[in-house]
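Residue-level structural notes
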Protein chains: 2
Amino acid sequence: MNILEIATNRKTSRFFKPDKVKEEDIKYILETARQAPSGSNKQPWRFIIITSLEQKKRIRAASEKGEKIFYESLSDERKVWYVERGLSPCKKLLTQAPILIIFLGDTTAPNYKPSIWVSIAYAILAIEERGLGTVTYTPSNPIHVNKIVEAPTDYIVEAILPIGYSCDSKPKEKRIDLSKLTYQNKWGNPYKFDLF
Amino acid sequence: MNILEIATNRKTSRFFKPDKVKEEDIKYILETARQAPSGSNKQPWRFIIITSLEQKKRIRAASEKGEKIFYESLSDERKVWYVERGLSPCKKLLTQAPILIIFLGDTTAPNYKPSIWVSIAYAILAIEERGLGTVTYTPSNPIHVNKIVEAPTDYIVEAILPIGYSCDSKPKEKRIDLSKLTYQNKWGNPYKFDLF
């Protein structure tokens, strides 16, 4: 499959089978992530692979604490969006997934956030390519998770990717057509692809 | 090629041949980018394809204005890094590349920055897969570029990808070994892959 097919097939997975994830797949995913480009080539990313159930439980509890505060802060419109999708502060996926990979960003590196997110995106595509599922979970209050994994203060938990074989039946969220996203030379001037 | 091979082969290109880029390749790249996941599926990205040389010149002039201020602000250590690589406020690549794609982020969308950077990373890999080169150029003062492409104030230029067939002979910047990036269960606890 080419990258467009992988990207198109991919959808978010929030439910996982208990089946073990192969270590060679985890290695493949992280080998891909570390190839990302970064500001001044600082490679401002570190990975923590969570395999211990006890540690997953602590990470889940810390994450849910932050989520409760976040959900209370939501506008009514956004609350509806979450409720319609069955989303809530409960983060069962953090204990259900066989593996979590935590991506930590080096906040002292120039432009670290774009860099680490390119690295996360590389991982997302590699996960799909290996037949696995994930969701890009960004903790509402990453500091709580930082403490649990004992990260130094210069680093921040940017995302947690729970990884496993998906059993999430929800269809992919719709994407906006390219014709509505793309302009030529300046904003508002539609780009007319021959193939549209 | 699989994604790991594409990611590994890819290196930054700052010099481009004058050869035209195929429209089907641009379409492929953006079709891939729009498949990215995003916070609350807001898809906070818009693309402007720059084909006009006049517009490229204006974008380059606006970018260079920001770069001059940025370079003056650099620490001595970082200045050396840039000078060693022949980098300067001069952004010739913005007029040399046959095509620029500007990625604009919707700053009103929740968590828009991680989302648009996943989309940019998808594009980066698709560019490589199609045999093209790029560099992820983040303008030091994106507001100047915003004005030239007449973007609304809610949107911000996150990155400009100059795209073309590479004639950049510089080797890829080295990457840190996975064993030095990866921990298990908590920071500092090395993950020992069987394959290391």
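Report follows, based on the coordinates.

Quick notes on the rules
- Going along each chain's sequence as written, the residues are numbered from 1 onward.
- Working convention: letters from A go to chains and numbers from 1 go to ligands, in the order in which they are written.
- In keeping with the model being predicted, local features are shown solely for residues with a pLDDT of at least 70 and side-chain atom pairs are shown and tallied solely at 80 or more, while totals for entire chains, interfaces and linings include all residues.
- Only heavy atoms go into the side-chain values, all of them from the structure, while hydrogens and water stay out.
- A run of H or I in DSSP counts as a helix once it spans at least four residues, and a run of E counts as a strand once it spans at least two, with each numbered from the N terminus.
- Exposure is judged per residue with a 1.4 Å probe applied to protein chains only, and the accessible area is read against the type maximum: over 50% gives exposed, under 20% gives buried, and values in between give partly exposed.
- Any pair of residues with heavy atoms lying within 4.5 Å of one another is described as a contacting pair.
- Per-residue accessibility takes into account occlusion by the displayed protein chains alone, with areas from the Shrake-Rupley method and a 1.4 Å probe.
- Note that His is not counted, nor are the chain ends; the positive residues are Lys and Arg, and the negative ones are Asp and Glu.
- By convention, the point assigned to a charge is CZ for Arg, NZ for Lys, CD for Glu and CG for Asp.
- Two rings from Phe, Tyr or Trp (for Trp, the six-membered ring) form a pair when their centres are within 6.5 Å of each other. A pair whose planes differ by under 30 degrees is stacked, one over 60 is edge-to-face, and the rest are tilted.
- Only when the NZ of Lys or the CZ of Arg is both within 6 Å of the ring centre and within 35 degrees of the ring normal is a charge said to sit over the ring.
- Residues below a pLDDT of 70 in either copy are left out; the C-alpha atoms of the rest, at least 70 in both, set the least-squares superposition of the copies.
- Only the contacting stretch of a helix is used when fitting its axis, a line to C-alpha atoms as for every element, and angles between N-to-C directions run 0 to 180 degrees.
- Crossing chirality is assigned from the near helix's rotation relative to the far helix, an anticlockwise turn below a right angle marking it left-handed and a clockwise turn marking it right-handed.
- Here is the rule for angles: anything less than 35 degrees is roughly parallel, anything more than 145 is roughly antiparallel, 65 through 115 is roughly perpendicular, and the remaining ranges are oblique.
- In short, DSSP must find at least two bridges between two strands for them to pair.
- Criterion for a salt bridge: a side-chain nitrogen of Lys or Arg within 4 Å of a carboxyl oxygen of Asp or Glu.

1. A few points about the overall build of chain A
Along the backbone of chain A there are seven helices and four strands. Ordered by position from N to C terminus, the α and β elements of chain A give α-α-β-α-α-α-β-α-α-β-β. With the principal axes as the frame, chain A shows a C-alpha extent of 55 × 40 × 35 Å. Among the 196 residues that make up chain A, the fraction classed as buried is 55%. Long-range pairs, those at least 24 residues apart, make up 78% of the contacts in chain A between residues at least 6 apart in sequence. Accessible area for chain A stands at about 8600 Å²; split by element, carbon and sulfur atoms hold 51% of it. Put simply, chain A has 31 plus and 23 minus side-chain charges, and the middle of one group is 2 Å from the middle of the other.

2. As for the packing of aromatic side chains
Overall, the coordinates contain 14 aromatic pairs over all chains when judged by the stated rule. Measuring from centroid to centroid gives 5.6 Å for Phe70 of chain B and Tyr71 of chain B, while their planes differ by 85 degrees, and the two rings are edge-to-face. Each member of the aromatic cluster is reached from another via a ring pair, and the members are Phe70, Tyr71, Trp81 and Tyr82 of chain A. The lysine or arginine in question, Arg130 of chain A, covers the ring of Tyr28 of chain A, its NZ or CZ lying 4.1 Å from the ring centre.

3. Section: the relation of the copies chain B and chain A
Superposing chain B onto chain A requires a rotation of 180 degrees together with a translation of 0.0 Å along the rotation axis, leaving an RMSD of 0.0 Å. This pairing of chains is accounted for by a two-fold axis. In this assembly, 100% of the residues forming the interface of chain B have copies in chain A that are likewise at the interface, indicating an isologous arrangement.

4. A few points about the packing of helix α2 (residues 23–33) of chain A against helix α6 (residues 112–129) of chain A
Residues and elements named next belong to chain A. Orientation of α2 relative to α6, taken along the N-to-C sense of each, is 145 degrees, at an axis distance of 8 Å. The crossing of α2 and α6 is right-handed. Here Tyr28, Ile29, Thr32 and Ala33 of α2 come into contact with α6, specifically with Ser119, Tyr122, Ala123, Ala126, Ile127 and Glu129.

5. Comments concerning the packing of helix α3 (residues 53–73) of chain A against helix α4 (residues 76–84) of chain A
Residues and elements named next belong to chain A. Direction vectors running N to C along α3 and α4 enclose 125 degrees, while the axes themselves pass 8 Å from each other. Taken together, the axis directions place α3 and α4 in an arrangement best described as oblique. Contacts from Phe70, Tyr71 and Glu72 of α3 reach α4 at Arg78, Lys79 and Tyr82.

6. Digging into the pairing of strand β2 (residues 99–106) of chain B
Residue and element names in this part refer to chain B. The element β2 is extensively covered by neighbouring structure, given that eight of its eight residues are classed as buried. Burial of the side chains of β2 extends over both faces: Ile99, Ile101, Phe103 and Gly105 are buried on one face and Leu100, Ile102, Leu104 and Asp106 on the other. Summarising the sheet, β2 and strand β3 (residues 155–163) pair through eight bridges and their orientation is antiparallel. The residue bridging Gly105 from the neighbouring strand is Ile156, located in β3.

7. With respect to the pattern of salt bridges
Pairing is possible between side chains of opposite charge, provided their charged atoms come close. Under the counting rule described, the total for this entry stands at 20 salt bridges over all chains. Residue Glu24 of chain B is joined to Arg130 of chain B by a salt bridge in which the shortest nitrogen-to-oxygen separation is 3.9 Å. One end of the pair, Glu24 of chain B, is in helix α2 (residues 23–33); the other, Arg130 of chain B, is in the loop between α6 (112–129) and α7 (142–148), with 106 residues separating them in the sequence. In this structure, Arg130 of chain B engages Asp25 of chain B in a salt bridge whose closest nitrogen and oxygen atoms are separated by 2.6 Å. Pair noted here: Arg130 of chain B is in the loop between α6 and α7 and Asp25 of chain B is in helix α2, with a separation of 105 residues, a long-range link. Linked through salt bridges whose partners overlap, the residues forming this network are Glu24, Asp25 and Arg130 of chain A.

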